[in-house]
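The chain contents come next:
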Amino acid sequence: MNIDTATIQRLRDALLENGSPRPDEPATDQAEADSTRARAALRRFAPFAETMYLMMMVDGDQNTSELDSIRGAMRILTNECLGDDALDDIFRRCGLNVAEFGVNHCLRDIGARLSADRLDRETAFTLAAAVALADRQLLKQESSLMHSIAEWYGISGKRALQLLQQV
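Note that the structure is a prediction, hence the values are computed from the model and not measured.

### Details of the packing of helix 3 (residues 64–78) against helix 4 (residues 84–101)
- Where helix 3 contacts helix 4, the axes come no closer than 11 Å and their chain directions differ by 120 degrees. One finds that helix 3 runs oblique with respect to helix 4. Along this stretch, helix 3 crosses helix 4, giving a crossing that reads as right-handed. Mapping the contact onto sequence places Leu67, Ile70, Arg71, Met74 and Arg75 in helix 3 and Asp84, Leu87, Asp88 and Phe91 in helix 4.

Rendered as structure tokens:
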């Protein structure tokens, strides 16, 4: 899976302008600063990782290269604030939630966490679209999930089409 890095870079730049944790901020106690940045990054970026993971899972064919691509995209988005262990924990919890509660429950939960910020909702949608379109074909399950993501994240059909054209 090849997620378009130009899309990821553009999203990262927009997120940084909008107040994402910055790894280069000065700190008096480095360990405390690292821990604070990691918690802030986890809180801010977990919904994006979960959304991409859901899109990856929808076709029933989860593989290591897809997970590695999502990890790479998250490294770029977070400026390396989230390590593989944190991402693997997000993916594990997301998979367990899907198994127990279903995809729509997960989308409702993620949408609620993103509801206050239009840019975050649109970023999550765009990241899911990048995952779906990474192999240059859109499966029926992926298209259906993209519609559900737009609905649960409060993105109009018109805006969703505009975002898809940018991917």
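There is more to say, and it comes next.
### Topic: unusual backbone geometry
- At Asn79, a residue that is not glycine, the phi angle is positive and equals roughly 50 degrees.
- Summarising the element assignment, Asn79 is placed in the loop between helix 3 and helix 4.
- Judged by relative accessible area, which is 25%, Asn79 ranks as partly exposed.
- For Glu80, which is not glycine, the phi dihedral falls at a positive 70 degrees.

### With respect to the packing of aromatic side chains
- Evaluated as defined, the whole model comprises 2 aromatic pairs.
- Seen from their ring centres, Phe45 and Phe48 are 5.7 Å apart, and the 65 degrees between their planes marks the pair as edge-to-face. Placement of the pair is Phe45 and Phe48 together in helix 2 (residues 30–57), with a separation of 3 residues, close to one helical turn.
- On the basis of an interplanar angle of 10 degrees and a centroid distance of 5.1 Å, the ring pair of Tyr53 and Phe91 is categorised as stacked. Of this pair, Tyr53 sits in helix 2 while Phe91 sits in helix 4; the two residues are 38 residues apart in sequence, bridging distant segments of the chain.
- The buried category is assigned to Tyr53, whose relative accessible area is 7%.
- With a relative accessible area of 3%, Phe91 lands in the buried category.
- Between Arg44 and the ring centre of Phe45, over which it is positioned, the NZ or CZ distance is 6.0 Å.

So, how was this worked out
- Residues numbered from 1 in each chain as written.
- Predicted model: local features only at pLDDT ≥ 70, side-chain atom pairs only at ≥ 80, totals over all residues.
- Heavy atoms only, no water.
- Axes fitted to C-alpha atoms, helices over the stretch in contact; angles between N-to-C directions.
- Helix = DSSP H or I, 4+ residues; strand = E, 2+ residues; numbered from the N terminus.
- Parallel < 35°, antiparallel > 145°, perpendicular 65-115°, else oblique.
- Left-handed = near helix turned anticlockwise from the far one by under 90°.
- Contact = heavy atoms within 4.5 Å.
- Buried < 20%, exposed > 50% of the residue type's maximum accessible area, 1.4 Å probe, protein only.
- Phe/Tyr/Trp six-rings, centres within 6.5 Å; stacked < 30°, edge-to-face > 60°.
- Lys NZ or Arg CZ within 6 Å of the ring centre and 35° of its normal.

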